[in-house]
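# Coordinate analysis (summary)
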Amino acid sequence: LNFPRLDLQKRMTVIEEGITRIFAMQMPDGSIGYWPRNRLTSVLNSTFNGGQPSTGHPWCSAYAGLLIALIEKDADPRIATLVPAESAGRLREYLKTWLTKPSSAELAASYSGQALAAYALALAGKPETAAHERLFDSAQLLGVDDRALLAMAIHLSGGLEKSVRALLDSSA
């Protein structure tokens, strides 16, 4: 995350503000909602929903997971220290659960978000290879961008190069 016109201190401030905004939308289950007030709504809903808090949006969570992984991979190690480990860990656990135990409705409606989540986790060094295999087996249902994200996830996790090539060749 390079901001060439900003000095390091200003860059760190901007990135820290972004991280704070992302995690202000984190729900009790680790997911990320659309708005910061979703967290309050979740707590209130749990009172009327049999003690079950509502959750954030899986695609928002996957996108946030990618942003956090990119921040952690920044060339300047001081930037990575801005990410709160506990919040990032909860987000990754949510993404892992979503990838490994999707409901049939979530599965059919969210291949794009799952490819993004798979890439985010692989970039963070926490790949879910079983999810890679499941998504690879459903490659015909993935869009071009989604196949590219899955190919990058498989590559980062040391997966089979022939799988990466098959996904990229089918994207052409």
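Basis of the calculations
Residues numbered from 1 in each chain as written. Predicted model: local features only at pLDDT ≥ 70, side-chain atom pairs only at ≥ 80, totals over all residues. Heavy atoms only, no water. Phe/Tyr/Trp six-rings, centres within 6.5 Å; stacked < 30°, edge-to-face > 60°. Helix = DSSP H or I, 4+ residues; strand = E, 2+ residues; numbered from the N terminus. Buried < 20%, exposed > 50% of the residue type's maximum accessible area, 1.4 Å probe, protein only. pLDDT = per-residue confidence, 0-100. Axes fitted to C-alpha atoms, helices over the stretch in contact; angles between N-to-C directions. Parallel < 35°, antiparallel > 145°, perpendicular 65-115°, else oblique. Left-handed = near helix turned anticlockwise from the far one by under 90°. Contact = heavy atoms within 4.5 Å. Nonpolar A, V, L, I, M, F, W, Y, C, P; charged D, E, K, R; others polar. Expected span 1.5 Å × (residues − 1).

## Brief notes about the packing of aromatic side chains
Tallied over the entire structure, the rule returns 1 aromatic pair. Ring geometry for Trp59 against Tyr63: centres 5.3 Å apart, planes inclined by 10°, an arrangement best described as stacked. With Trp59 and Tyr63 both in helix 3 (residues 58-72), this residue pair falls 4 residues apart, about one helical turn. Given the relative accessible area of 41%, Tyr63 is considered partly exposed.

## A look at the confidence of the model for the chain
Of all residues in the chain, 82% attain a pLDDT of 70 or more, and the chain-wide mean is 86. Helix 9 (residues 144-156) holds the highest mean pLDDT among the elements of the chain, 96, whereas helix 2 (residues 37-48) holds the lowest, 53.

## A look at the packing of helix 1 (residues 8-24) against helix 3
Helix 3 packs onto helix 1 with a crossing angle of 150° between their chain directions and a minimal axis gap of 11 Å. Taken together, the axis directions place helix 1 and helix 3 in an arrangement best described as roughly antiparallel. Here helix 1 and helix 3 pass one another in a crossing that is left-handed. Residue-level inspection shows Ile15, Ile19, Ile22 and Phe23 of helix 1 in contact with helix 3, the latter providing Ala64, Leu67, Ile68 and Ile71. When its residues are assigned to classes, the contact of helix 1 with helix 3 shows 8 nonpolar, no polar and no charged.

## Looking at helix 9
Spanning 13 residues, helix 9 covers 19 Å between terminal C-alpha atoms, matching the ideal 18 Å at 1.5 Å per step. Among all positions of helix 9, only Asp146, Arg147, Leu149, Leu150, Ala151, Ala153 and Ile154 are buried. Phi turns positive one or two residues past the end of helix 9, at Gly158, with a value near 75°.

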